Amino acid sequence: MRILLSNDDGIHAPGLAALHDAVADLGEVITVAPASPQSAASHSITVLAPLTVQAEHVNSPAGGFEGFSVDGSPADCVRLALREMLEPVDLVLSGMNHGANLGVHVLYSGTVAAAAEGAVLGVPAIAFSAGRAGQEVDFATAAGHCRAVLDGLLAGGLHPGELISVNVPDPARGAPKGVAVVRQADSELHEDYQLLSEHDGRRIYELRDYRFADGAGDNDVDLFAAGWVTVTPLNTDLTRHGRLDELRDMDLNCR
Ligand code: MN
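Keep in mind that this is a model prediction, so the values were computed, not measured.

What counts, and where the lines are drawn
Residues numbered from 1 in each chain as written. Predicted model: local features only at pLDDT ≥ 70, side-chain atom pairs only at ≥ 80, totals over all residues. Heavy atoms only, no water. Salt bridge = Lys/Arg side-chain N within 4 Å of Asp/Glu carboxyl O. Helix = DSSP H or I, 4+ residues; strand = E, 2+ residues; numbered from the N terminus. Buried < 20%, exposed > 50% of the residue type's maximum accessible area, 1.4 Å probe, protein only. Pairing = 2+ DSSP bridges. Axes fitted to C-alpha atoms, helices over the stretch in contact; angles between N-to-C directions. Polar contact = N/O pair within 3.5 Å; in protein donor to acceptor, adjacent residues only side chain to side chain. Contact = heavy atoms within 4.5 Å. Parallel < 35°, antiparallel > 145°, perpendicular 65-115°, else oblique. Left-handed = near helix turned anticlockwise from the far one by under 90°. Nonpolar A, V, L, I, M, F, W, Y, C, P; charged D, E, K, R; others polar. Disulfide = S-S within 2.5 Å.

Caption draft 1: The arrangement of the pattern of salt bridges in detail. In total, this model carries 9 salt bridges according to the counting rule given. Of the charged contacts, one joins R2 and E28 as a salt bridge, the two residues approaching to 3.2 Å between their closest N and O atoms. Taken together, the positions of R2 in strand β1 (residues 2-6) and E28 in strand β2 (residues 28-34) put the pair 26 residues apart, joining distant regions of the chain. Under the relative-accessibility criterion, R2 is labelled partly exposed at 22%. Two residues, E206 and R208, come together in a salt bridge whose shortest N-O distance is 2.6 Å.

Structure below.
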């Protein structure tokens with residue numbers, strides 16, 4: 001099996017190294033990841049500048065490996081790798097991200113976007129995220145949980161172009177309660193911008209914290225908070241299919 005590994009925290013992020021080591025025995029793992037941190041880059045691609053690919057040695061607990069950095073976004077990495085650099089791959093993996101990608105965060109996530117780019121190009125793709133952003137994460141143990149979920153998905157069968165997001169609570173806070181296959185939450189996102197300074201008509205703000213309302217729903221946000229590993233199949237087709245017929249029944253004209 002040939003696996004393309006990417007992420008959004010950058011090629012030297014510990015979550016990527018841990019995931020690489022956890023899946024290395026599955027086949028040939030080729031790492032193509034951003035040269036610099038790209039969290040919240042979402043599905044952006046670079047169109048106004050060329051992209052530089054650089055061979056890199058990546059240190060990892062198992063002894064390190066060779067990869068390539070790209071001075072672009074996560075989606076750039078996967079697109080360039082699949083279009084120009086590699087023989088066909090069987091699987092795209094992204095992560096592990098430092099911090100869960102749950103609910104509407106999926107829309108901002110570069111980790112999910114790297115996997116989504118693989119799915120768009122027809123390859124089954126899985127995004128892995130662990131712990132909470134801004135808090136320490138036991139990546140080595142989390143990678144073992146990711147591998148166990150991956151083994152189950154591979155045994156169950158993955159479809160071409162399918163996208164799955166897996167979130168693992170920080171194992172240092174206790175062993176996961178189990179695996180919950182759940183929908184993406186649509187709960188409101190609470191954001192705090194802190195005003196850092198105000199001078200001469202210029203205000204400088206910083207995004208300090210964003211979090212979800214507490215709940216007990218059957219969704220990724222609430223089950224992750226309750227200690228479950230969450231597995232969520234995602235669509236790259238953003239169509240709200242249930243509204244198609246209703247809109248067709250409206251009197252919509254363009255003249
Ligand atoms: Mn990230």
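Caption draft 2: Structural context of the sheet that holds β2. Here 9 strands make up an open sheet; going across it, the order is β3-β4-β2-β1-β5-β6-β7-β11-β8 and the pairing mixed. Looking at the sheet topology across the chains shown, the edges are occupied by β3 (53-58) and β8 (179-181). Adjacent strand axes in the sheet meet at a mean angle of 25 degrees when their direction is disregarded. Bridge count between β8 and strand β11 (residues 229-234): 3 bridges; the pairing is parallel. Bridge assignment links V181 to a residue of β11, and that residue is V231.

Caption draft 3: A look at the side chain of Q38. Here Q38 shows up in the loop between β2 and β3. With relative accessibility at 19%, the residue Q38 sits in the buried group. Of note is the side chain of Q38, whose polar atom sits 3.1 Å from the side chain of S36. Dropping the residues within four chain positions of it, Q38 is found in contact with D8, G72, S73 and P74.

Caption draft 4: Broad picture of the environment of L234. Locating L234 in the fold gives a position in strand β11. Distance in space between the C-alpha atoms of L234 and L102 is 12 Å, their sequence separation being 132 residues. Apart from the residues within four sequence positions on either side, L234 is in contact with V106, V112, L163, S165 and Q184.

Caption draft 5: The packing of helix α1 (residues 14-23) against helix α5 (residues 139-156), seen in detail. At a closest axis distance of 9 Å, the pairing of α1 and α5 adopts a crossing angle of 45 degrees. Our classification of the angle between α1 and α5 gives oblique. The interaxial crossing formed by α1 with α5 has right-handed handedness. Of α5, the residues touching α1 (which contributes P14, G15, A18, L19, A22 and V23) are F139, A140, A143, C146, R147 and L150. Among the residues forming the contact of α1 with α5, the class breakdown is 10 nonpolar, 1 polar and 1 charged.

Caption draft 6: Structural view of the state of the cysteines. Going through the model one piece at a time under the given rule, you end up with 0 disulfides. C77 supplies the cysteine sulfur nearest to C146, a cysteine that is in no disulfide, at a spacing of 19 Å. By relative accessible area, C146 is classed as buried at 1%.

These results come straight from atomic positions and should not be treated as a statement about function.
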